[in-house]
Amino acid sequence: MNMMFVGDPHGSYQHIITAVQEMTDTGAGCEVRRRAMNRELTEKLYHDFPELYRSRNKPITVSLMCFGFECGDGWFQLLYDLSTDLMRISTEAAIEPPEVVQVKEKFGCLRYYVDGGNDDTEHRIDQAEAASEHICEVCGQAGEIRSGGWIQTLCEEHRRPHS
Ligand SMILES: [Zn+2]
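Structure report, in brief.

## Remarks on the overall build of the protein
So, step 1. Counting secondary structure elements, the protein contains four helices and five strands.
So, step 2. Each helix (α) and strand (β) of the protein, taken in turn from the N terminus, gives the series α-α-β-α-β-β-α-β-β.
So, step 3. Looking at the 163 residues of the protein, the share that counts as buried comes to 23%.

Shown next as structure tokens:
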């Protein structure tokens, strides 16, 4: 049973207001909200893994990386470790690193889309996507998928919408 809104009237309304604001900000009516990792962490990933994220300046018709990392800051380390491993796998297999074309959160889980790579690449991505279901998207601590209003993976502290 979900207790998210019980005894938390401010949280309840703030949740709705935030969702509407995000919808308005992005014009994304169907997806409700468009989350984004902060600029500093985004630049860190781009800087340290330029080959993986080489499509970041390509037009939207080619790659959705122009939106950056469409998830919370809490998944930064998960993405950093994944990126490190994808580069290592490519080096070991002597293949061109995969080109990441979209990174987003959907239904509380990481979605990481690439062009290229090999079976090991796919396996490592699957692993990271599964791991994201247990990592708070806000702070990176242990979390679990919460379904209340929207579905998101959060720790106890961040399950409250106003925190
Ligand atoms: Zn948290």
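## With respect to helix α3 (residues 76-93)
So, step 1. Between its terminal C-alpha atoms α3 stretches 26 Å, which fits the 26 Å expected from 18 residues at 1.5 Å a residue.
So, step 2. Every buried residue of α3 is listed here: Leu-78, Leu-79, Leu-82, Ser-83, Leu-86 and Ser-90. Summarising the axial view, the buried residues of α3 lie within an arc of 130°, below the 170-degree limit, and thus occupy one face. Away from its buried face, by an angle of more than 90 degrees, α3 presents the exposed residues Gln-77, Thr-91 and Glu-92.
So, step 3. Positive phi shows up at Ala-94, right after α3, with a value of about 55°.

## Remarks on the pairing of strand β2 (residues 99-106)
So, step 1. Here strand β1 (residues 69-70) runs beside β2; their pairing, made up of two bridges, is parallel. Across the sheet, Glu-70 pairs through a bridge with Lys-104, a residue of β2.
So, step 2. Crossover β1 to β2 through α3 is left-handed.
So, step 3. Two elements, β2 and strand β3 (residues 109-115), share seven bridges in a ladder whose sense is antiparallel. Each residue of the ladder has a partner; that of Val-103, found in β3, is Tyr-112.
So, step 4. Taken together, β2 and the strand that follows it, β3, pair antiparallel across an intervening segment of two residues, in which Phe-107 is found at a positive phi of about 50°.

## Here's the deal with the sheet that holds β2
So, step 1. Read across the open sheet, the three strands follow the order β1-β2-β3; overall the sheet is mixed. A single partner strand is all that each edge strand has here, and the edge strands are β1 and β3.

## So, the environment of Ser-55
So, step 1. Inspection of the secondary structure puts Ser-55 in the loop between α2 (39-48) and β1.
So, step 2. In the structure, Ser-55 is positioned 10 residues away from Met-65 in sequence and 6.5 Å away in space, judged by C-alpha atoms.
So, step 3. Ignoring any residue separated from it by four or fewer positions in sequence, one finds Ser-55 in contact with Val-62, Ser-63, Met-65, Glu-99, Val-100 and Val-101.

## Describing the nonpolar core
So, step 1. If you look at the biggest cluster of nonpolar residues, it comprises 20 residues, and the most contacted ones within it are Phe-69, Cys-71, Trp-75, Leu-78, Leu-79, Leu-82 and Val-103.
So, step 2. Secondary structure elements with two or more residues in this core: α3, β2 and β3.
So, step 3. Counting residues per element, this core draws most heavily on α3, at four residues.
So, step 4. Among all residues touching Leu-82, those that are not within four sequence positions of it are Tyr-112, Arg-124, Ile-125 and Ala-128.

## Section: unusual backbone geometry
So, step 1. Positioned with a positive phi, Ala-94 is a non-glycine residue whose angle comes to about 55°.
So, step 2. Checked against the element boundaries, Ala-94 lands in the loop between α3 and β2.
So, step 3. What makes Ala-94 exposed here is the crowd of 6 C-beta atoms within 10 Å.
So, step 4. In this structure, Phe-107 takes a positive phi of about 50° despite not being glycine.
So, step 5. Among the structural elements, Phe-107 can be located in the loop between β2 and β3.

Criteria and cut-off values
- Residues numbered from 1 in each chain as written.
- Predicted model: local features only at pLDDT ≥ 70, side-chain atom pairs only at ≥ 80, totals over all residues.
- Helix = DSSP H or I, 4+ residues; strand = E, 2+ residues; numbered from the N terminus.
- Buried ≥ 20, exposed ≤ 12 C-beta atoms within 10 Å, placed from the backbone.
- Expected span 1.5 Å × (residues − 1).
- Arc of directions from axis to C-beta.
- Pairing = 2+ DSSP bridges.
- Right-handed = clockwise from strand over helix to strand, strands pointing away.
- Contact = placed C-beta atoms within 7 Å.
- Core = buried A, V, L, I, M, F, W, Y, C linked by C-beta atoms within 7 Å.

Interpretation in functional terms is not warranted from these geometric data alone.
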